[in-house]
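# Architecture and fold: a report
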Amino acid sequence: TKKKGVPKKTTAAKRNAPTKRELYIEPGATLDSFDLSSAASECLQGLTFVFSGVLDNLSRDNSIEFVKNLGARVTSQVSSKTHYLVVGEMLEDGRHHTEGSKFKKASGLSVGIVNGEQQLYGLCQAFSDRKEETDGPHQQIPESNPSSETKKSPPKQKAVTNPY
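In what follows, the accompanying structure is described. Remember, predicted model here, so these are calculated numbers, not experimental data.

## Looking at the packing of aromatic side chains
Using the criterion set out here, one finds four aromatic pairs in the structure. Both rings, one in Phe34 and one in Phe66, keep their centres 5.7 Å apart while their planes meet at 85°; by these two values the pair is edge-to-face. Of the two residues, Phe34 sits in the loop between helix H2 (20-23) and strand E1 (48-52) while Phe66 sits in helix H3 (residues 60-69), which places them 32 residues apart along the sequence. Classification of Phe34 as buried rests on a relative accessible area of 11%. On the basis of an interplanar angle of 80° and a centroid distance of 6.1 Å, the ring pair of Tyr84 and Phe127 is categorised as edge-to-face. Of this pair, Tyr84 sits in strand E3 (residues 84-87) while Phe127 is found in helix H5 (residues 116-135), placing the two residues 43 residues apart along the sequence. An aromatic cluster is built from Phe34, Phe66 and Tyr121, whose rings are joined through pairwise contacts.

## Brief notes about the sheet that holds E1
With respect to topology, four strands assemble into an open sheet ordered E2-E1-E3-E4, the strand pairing being parallel. Unpaired on one side and paired on the other, strand E2 (73-74) and strand E4 (112-115) mark the two borders of the sheet. Where E1 and E3 come together, four bridges link them in parallel fashion. When the sheet's bridge partners are listed, Phe51 is paired in E3 with Val86. Packed on one face of the sheet, H5 meets E1, E3 and E4 and runs near 120° to E4.

## Regarding the state of the cysteines
One pass over the structure, following the stated rule, counts zero disulfides. Cys43 takes part in no disulfide bond, and the closest cysteine sulfur, belonging to Cys124, lies 6.2 Å away. On the basis of relative accessibility, which here comes to 7%, the residue Cys43 falls in the buried class.

## Side note on the environment of Ser59
Topologically, Ser59 is positioned in the loop between E1 and H3. Remark: the alpha-carbon pair of Ser59 and Glu117, spanning 58 residues in sequence, is separated by 9.8 Å. Side-chain polar atoms of Ser59 contact the backbone nitrogen of Asn62, separated by 3.1 Å.

## Quick notes on the environment of Gly108
Tracing the backbone shows Gly108 in helix H4 (residues 101-108). Residue Gly108 is classed as exposed on the basis of its relative accessible area, which comes to 64%. Separated by 28 residues in the primary sequence, Gly108 and Ser80 place their C-alpha atoms 9.7 Å from one another.

## Notes on the pattern of salt bridges
Enumeration over the complete set of coordinates arrives at two salt bridges. Between Arg60 and Glu92 there is a salt bridge, with its nearest N and O atoms 2.6 Å apart. A residue pair is termed long-range when its members are at least 10 positions apart, and Arg60 in helix H3 and Glu92 in the loop between E3 and H4 qualify at 32 residues. A residue is classified by how much of its surface remains accessible, and Arg60, at 30% relative accessible area, is partly exposed.

## Overview of the nonpolar core
Within the largest apolar cluster, 24 residues are counted, with the highest numbers of intra-cluster contacts made by Leu44, Phe49, Val67 and Leu120. Put simply, the parts of the chain that give this core at least two residues each are E1, H3, E3 and H5. With five residues, H5 is the largest single contributor of residues to this core. The next biggest cluster of nonpolar side chains, apart from the first, holds eight residues, and it includes Val50, Val78, Val87 and Phe103.

Scoring rules and cut-offs
- Every residue gets a number counted from 1 within its own chain, in the order that chain's sequence is written.
- With pLDDT at 70 or above as the cut-off, local features in this predicted model cover only qualifying residues; side-chain atom pairs require 80 or more to be listed or tallied, and sums for whole chains, interfaces and linings still use all residues.
- By convention in this description, side-chain values take in all heavy atoms of the structure and omit both hydrogens and water.
- Paired rings are identified among Phe, Tyr and Trp, the last through its six-membered ring, by centres lying within 6.5 Å, and are further divided according to the angle between planes into stacked (under 30 degrees), edge-to-face (over 60) and tilted (the rest).
- Helix numbering and strand numbering both begin at the N terminus, where a helix is a DSSP run of H or I of at least 4 residues and a strand a DSSP run of E of at least 2.
- Each residue is placed in one exposure class: buried if its accessible area under a 1.4 Å probe, protein chains only, is under 20% of its type's maximum, exposed if it is over 50%, and partly exposed if it falls in between.
- For two strands to be treated as a pair, DSSP must find no fewer than two bridges joining them.
- The contact criterion used throughout is that any non-hydrogen atoms of two residues lie within 4.5 Å.
- Think of each axis as a best-fit line through the C-alpha atoms, taken over the contacting stretch in the case of a helix, with angles from 0 to 180 degrees between the N-to-C directions.
- Here, a disulfide means two cysteine sulfur atoms that sit within 2.5 Å of each other.
- Residues adjacent in sequence count toward polar contacts only when both atoms are side-chain atoms; beyond that, a polar contact is any pair of N or O atoms within 3.5 Å, and within protein one must be able to donate a hydrogen and the other to accept it.
- For this analysis, a salt bridge means a side-chain nitrogen from Lys or Arg found within 4 Å of a carboxyl oxygen belonging to Asp or Glu.
- For this analysis, a nonpolar core means a set of buried residues of the types Ala, Val, Leu, Ile, Met, Phe, Trp, Tyr and Cys, connected via side-chain atoms within 4.5 Å.

See the structure below:
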């Protein structure tokens, strides 16, 4: 039961998590492509995306995998926790994307609307650039050589003292 006048406990992670407004970048810049290997790792972490409509040159599955590889969360429905709705010009049934329920709900919730994959690439580049500014230059993680396994040292044992 909820006690009156007692504030709800929140974890340190939730208290320090950026708000939806702090995370937001206005979609607008466009790019013809985006190189995942040059992106700042997890540059979309903390963001939630929803997809609607048919993108011209990127399948739904590939676009979902694309943003997930950059740390984003993808849901199937727009909610108050959604940051961006990525729309193709036309919906799967041939209607314009502005006629769809996801677009209408996103517009009412002030969710960022990303028009097509070129604007999605531009948005990803903007978040990658922002992350590099705050975290420092992106460092490539060297690929491990599967044939040369590294040996792990045995775990250190705690010293046991005699209590008597």
